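Chain residues, written in single-letter form:
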Amino acid sequence: MRNNLLVSTSPHIHKKESVKRIMWLVVLSLLPSGFAGVFIFGGRAFWVIILGIIAAVSTEGILQLATKRRISIFDGSALLTGLLLAYNLPPDVPFWLPIAGSVFSIAIGKQVFGGLGQNIFNPALVGRVFLMASWPKYMTTFSRPLSYDTITSATPLAALTEGKALENISYLDLFLGNRPGCIGEVCILALLIGAVFLLLKGYISWHIPLTYIITTGIFAFVFGAKPLFTGPWLANILSGGLILGAFFMATDYVTSPLTYKGQIIFGIGCGLITTVIRFWGGYPEGVSYAILIMNAVTPMIDRYTRPRIYGS
Amino acid sequence: MKKLTQEFSKGITVLNPTFGLILGLCPTLAVSTSLFNAVGMGVAATFVLVFSNLIISLLRNLIPARIRLPAYIVIIATFVTICELAIKAYLPDLGKSLGIFIPLIVVNCIIMARAEAFACRNRVLPSIFDGLGMGLGFTLGISIIAFIRELSGSGSIAGFGLFKGNELILVMILAPGALLTMGLLIALTRLLGITRK
């Protein structure tokens with residue numbers, strides 16, 4: 001590896017990066033997927049996203065006012081949480097659901113721990129898991145894409161984990177998002193555009209997403225179908241919330257390991273837990289639980305992958 | 001007399017077992033899905049606590065220090081058995097819904113803690129008041145948690161249905177709801193200065 005770190009005497013040049021700038025750029029990179037979601041599922045998806053964002057930002061502001069801390073609602077982090085939470089909801093949820101989820105995300109997932117940088121779990125996923133446990137009926141009712149009405153149907157992932165072959169859905173459909181699913185997870189193309197932008201700008205590294213996706217693919221190939229080593233690995237990668245989770249939620253700075261070695265362990269762990277939940281667990285989708293469980297393990301990973309001090 | 005009321009009231013406020021000492025968590029988390037169960041559990045634990053404190057305090061100079069814990073457990077188990085048989089005879093519904101958690105009062109850490117920390121080194125009357133206060137504090141704590149959980153999770157208060165539908169927060173009557181309610185209430189009592197900061 002090329003050593004990019006050159007320590008020299010002053011004057012040092014300060015790079016114009018800040019938490020605020022990075023957060024807003026992550027929001028920007030998520031926009032294509034939002035547009036795709038609204039196009040695929042109709043205007044209702046738009047209002048779910050907007051309500052999620054408004055609820056998240058105002059909860060953050062109110063709680064910071066109430067506890068007399070610095071108001072930081074314009075740093076984009078609360079907005080990002082609300083946006084990611086809304087992306088993880090089915091498009092036909094009642095309008096109070098994104099609001100309840102965002103309030104829970106910010107209040108319990110983030111502010112209770114002391115705000116940005118202190119939270120041990122990804123706030124958006126905390127909100128999603130809360131909604132999943134509280135109102136499973138709304139969280140598992142998916143409408144058909146491009147029909148703009150509420151004809152419910154099973155997601156491709158639900159069919160996959162039950163061991164059925166995918167009917168009427170091609171890989172191209174999966175890639176472009178022509179399938180039932182959550183608002184922000186369906187259009188892989190749009191997600192990849194945002195992900196490539198973040199990777200090129202260096203805001204996320206490839207270590208977590210790549211190891212996460214490859215591990216999930218390998219395990220789906222081995223265990224995904226009845227004779228071993230015949231599983232539909234590509235369909236498993238393209239369906240569910242894997243791409244959204246791997247690039248935008250597992251890579252959260254606060255809740256993922258610091259070193260590259262730790263990030264690789266984190267990614268492999270996420271992939272393992274995701275496939276275990278998908279194939280043998282009670283829920284069809286395991287991405288959110290996998291990332292949350294690995295969030296909990298992150299301090300331990302950090303402890304055991306601490307880089308050796310040079311010369312010791 | 002002033003000292004006795006102090007022994008009594010400290011268990012409800014400063015040293016509240018649920019929010020201050022954070023003891024006896026198993027029954028607190030497991031039984032607090034409904035107010036009826038919670039009050040039943042609290043009263044049963046209070047009964048055992050008062051009488052075990054009484055007997056241990058009486059015998060405090062006779063029990064050899066090296067085998068004091070087994071001795072305490074025998075005394076506590078006696079009263080738990082009395083309590084369990086009484087509940088099964090007179091309140092069979094409550095007995096059924098509390099299930100294993102009545103026999104488990106034997107190893108409830110509040111009772112062990114009060115025996116070890118208070119009853120074995122204090123006279124009989126303070127020990128009784130300490131047991132009463134701690135028991136009431138525990139009953140109060142578990143009942144507040146149960147009230148919140150039952151109302152938000154099943155839409156009822158002590159079994160009387162108030163509202164129903166899909167909008168009830170299902171997670172509140174599951175295990176995470178117990179931990180969430182408990183954590184927020186501990187934070188609240190510390191913020192208000194009821195328990196120590």
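Presented here is an overview of the structure given in this document. As the structure is a computational prediction, the values presented were derived from the model and not from experiment.

1. Describing the overall build of chain A
In terms of regular secondary structure, chain A is built from 14 helices and 0 strands. Starting at the N terminus and ending at the C terminus, chain A contains elements arranged as α-α-α-α-α-α-α-α-α-α-α-α-α-α. For chain A, the spread of C-alpha atoms along the principal axes amounts to about 65 × 50 × 30 Å. The proportion of buried residues among the 312 residues of chain A is 54%. Partitioning the contacts of chain A with sequence separation of at least 6, the portion at a separation of at least 24 is 74%.

2. What about the overall build of chain B?
Each helix and strand counted, chain B has 8 helices and 2 strands in total. Here the C-alpha radius of gyration of chain B, 17 Å, is about what a compact globule of 197 residues would show, namely 16 Å. The dimensions of chain B, computed from C-alpha atoms along their principal axes, are 60 × 40 × 30 Å. Taking all 197 residues of chain B together, 44% fall into the buried category. Once local pairs closer than 6 in sequence are excluded, the contacts in chain B between residues at least 24 apart make up 75%. Accessible area for chain B stands at about 9800 Å²; split by element, carbon and sulfur atoms hold 74% of it. Between the centroid of the 16 positive side chains of chain B and the centroid of its 7 negative side chains there is a distance of 12 Å.

3. Observations regarding the environment of Thr28(B)
All names here are of chain B. Note that Thr28 resides in helix H2 (residues 25–31). In this structure Thr28 touches Thr18, Leu23, Phe138, Ile142, Ile145 and Met182, once residues within four positions along its chain are discounted. Side-chain polar atoms of Thr28 contact the backbone oxygen of Gly24, separated by 2.6 Å.

4. Here's the deal with the state of the cysteines
Inspection of every chain in the model, using the stated rule, returns 0 disulfides over all chains. Here Cys270(A) is not disulfide-linked; the sulfur of Cys182(A) is the nearest cysteine sulfur, at 18 Å. Here Cys109(B) is not disulfide-linked; the sulfur of Cys26(B) is the nearest cysteine sulfur, at 6.6 Å.

5. So, the interface of chain A and chain B
Taken together, the contacts link 10 residues of chain A with 9 residues of chain B. The tally of links from chain A across to chain B stands at 0 salt bridges. The tally of links from chain A across to chain B stands at 4 residue pairs in polar contact (both at pLDDT 80 or more). Residue composition of the side of chain A that touches chain B, grouped by class: 8 nonpolar, 1 polar and 1 charged.

6. Some thoughts on the nonpolar core
Of all hydrophobic cores here, the largest spans 80 residues; its most connected members are Leu30(A), Leu84(A), Leu131(A), Tyr212(A), Leu244(A), Phe248(A) and Ile291(A). It is helix H1 (residues 19–41) of chain A that contributes the most residues to this core, 9 residues altogether. Filtering out sequence-adjacent residues up to four positions away, Leu84(A) remains in contact with Leu30(A), Ala124(A), Leu244(A), Phe248(A) and Met249(A). With 32 residues, the next largest nonpolar core counts Ala38(B), Ile63(B), Leu94(B) and Ile110(B) among its residues.

7. Brief notes about the packing of helix H4 (residues 96–107) of chain A against helix H5 (residues 123–134) of chain A
Residues and elements named next belong to chain A. In contact at an axis separation of 8 Å, H4 and H5 are set at 130 degrees when each is read in the N-to-C sense. Classed by the angle they form, the pair H4 and H5 counts as oblique. Here H4 runs over H5; the crossing is right-handed. In this structure, H4 contributes Leu97, Ala100, Gly101, Phe104 and Ser105 to the contact, and H5 contributes Pro123, Ala124, Val126, Gly127, Phe130 and Leu131. Of the residues assigned to the contact of H4 with H5, the class counts are 8 nonpolar, 3 polar and no charged.

8. What to know about the pattern of salt bridges
Residue and element names in this part refer to chain B. Counted under the stated rule, the structure contains 9 salt bridges over all chains. The salt bridge involving Glu7 is made with Lys3; its shortest N-O contact spans 3.7 Å. In this pair, Glu7 and Lys3 both sit in helix H1 (residues 2–10), 4 residues apart, roughly one turn of the helix. Of the charged contacts, one joins Lys88 and Glu84 as a salt bridge, the two residues approaching to 3.2 Å between their closest N and O atoms. Of the two residues, Lys88 and Glu84 are both situated in helix H4 (residues 68–90); the distance of 4 residues between them amounts to about one turn of the helix. The class for Lys88 is exposed, based on a relative accessible area of 52%. Here the salt bridges do not stand alone but share partners, grouping Lys3, Glu7, Lys10, Arg114 and Asp130 into one network.

Calculation notes
Residues numbered from 1 in each chain as written. Chains lettered and ligands numbered in written order. Predicted model: local features only at pLDDT ≥ 70, side-chain atom pairs only at ≥ 80, totals over all residues. Heavy atoms only, no water. Helix = DSSP H or I, 4+ residues; strand = E, 2+ residues; numbered from the N terminus. Buried < 20%, exposed > 50% of the residue type's maximum accessible area, 1.4 Å probe, protein only. Contact = heavy atoms within 4.5 Å. Rg over C-alpha atoms; globule rule 2.2 N^0.38 Å. Areas by Shrake-Rupley, 256 points an atom, 1.4 Å probe, with all protein chains shown as cover. Lys, Arg positive; Asp, Glu negative; His and termini not counted. Charge placed at Lys NZ, Arg CZ, Asp CG, Glu CD. Polar contact = N/O pair within 3.5 Å; in protein donor to acceptor, adjacent residues only side chain to side chain. Disulfide = S-S within 2.5 Å. Salt bridge = Lys/Arg side-chain N within 4 Å of Asp/Glu carboxyl O. Nonpolar A, V, L, I, M, F, W, Y, C, P; charged D, E, K, R; others polar. Core = buried A, V, L, I, M, F, W, Y, C linked by side-chain atoms within 4.5 Å. Axes fitted to C-alpha atoms, helices over the stretch in contact; angles between N-to-C directions. Parallel < 35°, antiparallel > 145°, perpendicular 65-115°, else oblique. Left-handed = near helix turned anticlockwise from the far one by under 90°.

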